[in-house]
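A closer look at the structure
The lines below spell out each chain.
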Amino acid sequence: MRRILATLALCSIFALNVLGQVKYCLSYADFKEGNWLELESLTVKERSRAKKFWTGGSDFKLQAENDSLDRIITKEAFAISYNDTLLVNCRRLYFEDYCFGKGYASAYIYGKGKVCFVAHNPASAAVGGASVGMVVGPVAGGIISGTIAATDAYCFLVKLEQRDGKVTSQMIGDDFMERFEESSPDFYAEYMSEKKKRKRESAAHVLPLLKEWQLIK
């Protein structure tokens, strides 16, 4: 137990203060319609956790310039955009009726304006009794960090926003990839080249393919 506590105490905390060109949207509908609101500044904190408990790597906690905006960013906003980075609020996101939890996740634009993000499977975490980790990826966006090598992080695609504000998602795994079997057989073959299902569906395998084939940006 002492060793575990010591490991957690050594977890690094990275804070990035972002000025200018910071904006947020309150809903998925606003995101699709380009209805953004500006922020003067934003603090992005990346907290690395003990790998034994948070095998996906890190989560992001955002802090705005005052308490009222901070509450909006924490609990109400759907997405944050700054520089070339897109983050989505996991508090709003659900998969199979399970919420992804608190904090923000690294996200990318998929296809014509859809949102792809990387996270642990909250359904599996709930069944297994483990804490649900947030999403991996660098603060600056782009290619994900080495910590995403864990096979329990997956790519998800935002589906729709319900009237109660919940935003549902689907996993970009075998079922999703079947649509490319005829339309893009080379891409599908590259995806299926990994024979083990868990590794094949992991973000470590899927995200580089999505980037290579320019399906996300």
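Residues numbered from 1 in each chain as written. Predicted model: local features only at pLDDT ≥ 70, side-chain atom pairs only at ≥ 80, totals over all residues. Heavy atoms only, no water.

**A short note on the packing of helix H7 (residues 185–192) against helix H9 (residues 203–212)**
Two elements in contact, H7 and H9, have axes whose closest approach is 10 Å; the angle formed by their N-to-C orientations is 155 degrees. With respect to their mutual orientation, H7 and H9 come out roughly antiparallel. Classified by chirality, the crossing of H9 by H7 is right-handed. Counting all contacts with H7, which are made through Phe187, Glu190 and Tyr191, the residues of H9 involved are His205, Val206, Leu209, Leu210 and Glu212. Tallied by class, the residues present in the contact of H7 with H9 amount to five nonpolar, one polar and two charged. (Axes fitted to C-alpha atoms, helices over the stretch in contact; angles between N-to-C directions. Helix = DSSP H or I, 4+ residues; strand = E, 2+ residues; numbered from the N terminus. Parallel < 35°, antiparallel > 145°, perpendicular 65-115°, else oblique. Left-handed = near helix turned anticlockwise from the far one by under 90°. Contact = heavy atoms within 4.5 Å. Nonpolar A, V, L, I, M, F, W, Y, C, P; charged D, E, K, R; others polar.)

**Details of the side chain of Asn89**
Following the sequence through the fold, Asn89 ends up in strand S5 (residues 85–89). In this structure the side chain of Asn89 is engaged in a polar contact, spanning 3.2 Å, whose partner is the backbone oxygen of Thr74. For Asn89, the side chain forms a polar contact with the main-chain oxygen of Ala77, separated by 3.0 Å. (Polar contact = N/O pair within 3.5 Å; in protein donor to acceptor, adjacent residues only side chain to side chain.)

**Things to note about the nonpolar core**
In this structure, Phe31, Phe78, Val88 and Phe117 are the most contacted members of the largest nonpolar core, which totals 23 residues. Of all the elements in the fold, those that place two or more residues in this core are helix H2 (28–33), S5, strand S6 (93–95), strand S8 (104–110), strand S9 (114–120), strand S10 (153–161) and strand S11 (167–171). In terms of nonpolar packing, the next biggest core, distinct from the first, is built from 20 residues, Phe176, Met177, Leu209 and Leu210 among them. (Core = buried A, V, L, I, M, F, W, Y, C linked by side-chain atoms within 4.5 Å. Buried < 20%, exposed > 50% of the residue type's maximum accessible area, 1.4 Å probe, protein only.)

**Comments concerning the packing of aromatic side chains**
The tally for this structure, following the rule as stated, stands at 12 aromatic pairs. For the pair Phe31 and Trp36, a centre-to-centre distance of 5.8 Å together with 70 degrees between the ring planes defines the contact as edge-to-face. Ring centres of Phe95 and Phe156 lie 5.1 Å apart, and the angle between their planes is 65 degrees; on these two criteria the pair is classed as edge-to-face. Of this pair, Phe95 sits in strand S6 while Phe156 sits in strand S10, and the two are 61 residues apart along the sequence. For the pair formed by Phe95 and Phe156, the shared burial category is buried. Taken together, the ring pairs in this structure connect Tyr110, Phe176, Phe180, Phe187 and Trp213 into an aromatic cluster. The side chain of Lys166 reaches across the aromatic face of Tyr94, ending 4.9 Å from its centre. Over the ring of Phe176 we find Arg179; its NZ or CZ atom is 3.9 Å from the centre of that ring. (Phe/Tyr/Trp six-rings, centres within 6.5 Å; stacked < 30°, edge-to-face > 60°. Lys NZ or Arg CZ within 6 Å of the ring centre and 35° of its normal.)

**Quick notes on the pairing of strand S4 (residues 79–82)**
Where a strand is regular, its side chains alternate between the two sheet faces. Here S4 shows no split at all, with Ala79 and Ser81 on one side and Ile80 and Tyr82 on the other all buried. Pairing geometry for S4 and S5, over four bridges, is antiparallel. Each residue of the ladder has a partner; that of Ala79, found in S5, is Val88. In this antiparallel pair of consecutive strands, S4 and S5, the connection spans two residues, and Asn83 shows a positive phi of 50 degrees. (Pairing = 2+ DSSP bridges.)

**Section: the environment of Pro122**
Residue position: Pro122 is located in helix H4 (residues 122–128). Assessed through its relative accessible area of 1%, Pro122 is described here as buried. Here the alpha-carbon distance between Pro122 and Cys99, two residues 23 residues apart in the chain, equals 6.5 Å.

**What to know about the pattern of salt bridges**
On inspection of all chains with the given rule, the structure shows four salt bridges. With a closest N to O distance of 3.1 Å, Lys197 and Glu201 form a salt bridge. Residue Lys197 and its partner Glu201 are both found in helix H8 (residues 197–201); the two are separated by four residues, about one turn of the helix. Look at Lys197 and you get partly exposed, because its relative accessible area is 46%. (Salt bridge = Lys/Arg side-chain N within 4 Å of Asp/Glu carboxyl O.)

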